[in-house]
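Architecture and fold: a report
So you can see what is in the structure, the chains are spelled out below.
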Amino acid sequence: MTNEICLECGLKPEPGQPNCQTQRDELMARDFEQPALYWAFHRMAVDAYCLQHAPYVASAKSLAAHLCGLCIAFERGRNAGQLRQLQQWLSTNPKIEKPELPAQRGAITIGQVYGISDPVQFGKAVEAWASSVWEAYRSLQPLARDWLSEAVAVRR
Ligand SMILES: [Zn+2]
């Protein structure tokens, strides 16, 4: 069963590679086991993966979390303060509507990231992956920016 194609992201594992879910589990586990090497790209990898898999962005709140995460990564210089404000805003359960997800969610998948052990190469691969997802969500980018403006405007 190693050659199962993922219906969400389109990954077709190479012969001998595990399926999408297992690749994800292994990469996430490695981030926690060797944070000094891989943690820097953990958030970006999680956002990219979730946005490519509809069950992970089933609610407006989870979609906002991951889409705004990539917006902060690519347009706000990975601003840690904004990530915190985003988290705080989402914890208030803001009344937001979930739009339709794009049918195509990025040409690059976890398969191009899986198996890279060099941290620098890994970081570049995650960035390329996440960037292809952000691009695929182009029609929802204005919405992500609106959500983020709301998030950073909240002062408590
Ligand atoms: Zn997948």
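Structure shown above.
Residues numbered from 1 in each chain as written. Predicted model: local features only at pLDDT ≥ 70, side-chain atom pairs only at ≥ 80, totals over all residues. Heavy atoms only, no water.

As a further point, take the coordination of the zinc ion. Binding of the zinc ion to the protein goes through C6 (SG), C9 (SG), C20 (SG) and H53 (NE2), at separations of 2.0 to 2.3 Å. For the zinc ion, the four donor atoms in the first shell make angles of 99 to 116° at the metal, a pattern classed as tetrahedral. In the primary sequence, the donor residues of the zinc ion line up as C-x2-C-x10-C-x32-H. Placement of the pair is C6 in the segment before helix 1 (20-33) and C20 in helix 1, with a sequence separation of 14 residues. For the pair C6 and C20, a shared accessibility class is recorded, and that class is buried. (Donors = N, O, S within 2.8 Å, 3.2 Å for Na, K, Ca; no water. Tetrahedral: all angles 85-135°; square planar, octahedral: opposite > 155°, others 65-115°. Helix = DSSP H or I, 4+ residues; strand = E, 2+ residues; numbered from the N terminus. Buried < 20%, exposed > 50% of the residue type's maximum accessible area, 1.4 Å probe, protein only.)

Moving on, we come to the environment of P13. Relative to the assigned elements, P13 resides in the segment before helix 1. Placed 98 residues apart in sequence, P13 and G111 show a C-alpha to C-alpha distance of 6.7 Å.

A few words now on the side chain of Q82. Within the secondary structure, Q82 is located in helix 5 (residues 80-91). Residue Q82 is classed as buried on the basis of its relative accessible area of 16%. Side chain to side chain, Q82 and R76 meet in a polar contact 3.3 Å long. Filtering out sequence-adjacent residues up to four positions away, Q82 remains in contact with I72, R76, L148 and V152. (Polar contact = N/O pair within 3.5 Å; in protein donor to acceptor, adjacent residues only side chain to side chain. Contact = heavy atoms within 4.5 Å.)

Turning our eyes to something else, we now look at the pattern of salt bridges. This model, assessed by the stated rule, comprises five salt bridges. When the shortest N-O distance is used, the salt bridge between R43 and D47 registers 3.1 Å. With R43 and D47 both in helix 3 (residues 42-52) and four residues apart, the pair spans about one turn of that helix. Its relative accessible area of 29% is what places R43 among the partly exposed residues. (Salt bridge = Lys/Arg side-chain N within 4 Å of Asp/Glu carboxyl O.)

Glancing now at unusual backbone geometry. When glycine is set aside, most residues are seen to have a negative phi, and most peptide bonds are trans. The backbone of R78 shows a phi angle near 55°, a positive value even though the residue is not glycine. One can find R78 in the loop between helix 4 (60-75) and helix 5. A positive phi is found at N93, a non-glycine position, where the angle reads about 50°.

For helix 5, which comprises 12 residues, the first-to-last C-alpha distance of 17 Å matches the rise-based estimate of 16 Å (1.5 Å per residue) to within 8%. Taken together, the buried positions of helix 5 are occupied by Q82, Q85, L86, W89 and L90. Down the axis of helix 5, the buried side of the element spans an arc of 135°, and every buried residue falls inside it. In helix 5, the exposed positions angled more than 90 degrees off the buried face are occupied by R84 and S91. Where helix 5 is buried, its residues meet helix 3, helix 4 and helix 7 (141-153). Where helix 5 begins, the side chain of N79 points an oxygen toward the backbone nitrogen of G81, at a separation of 2.9 Å. (Expected span 1.5 Å × (residues − 1). Arc of directions from axis to C-beta.)

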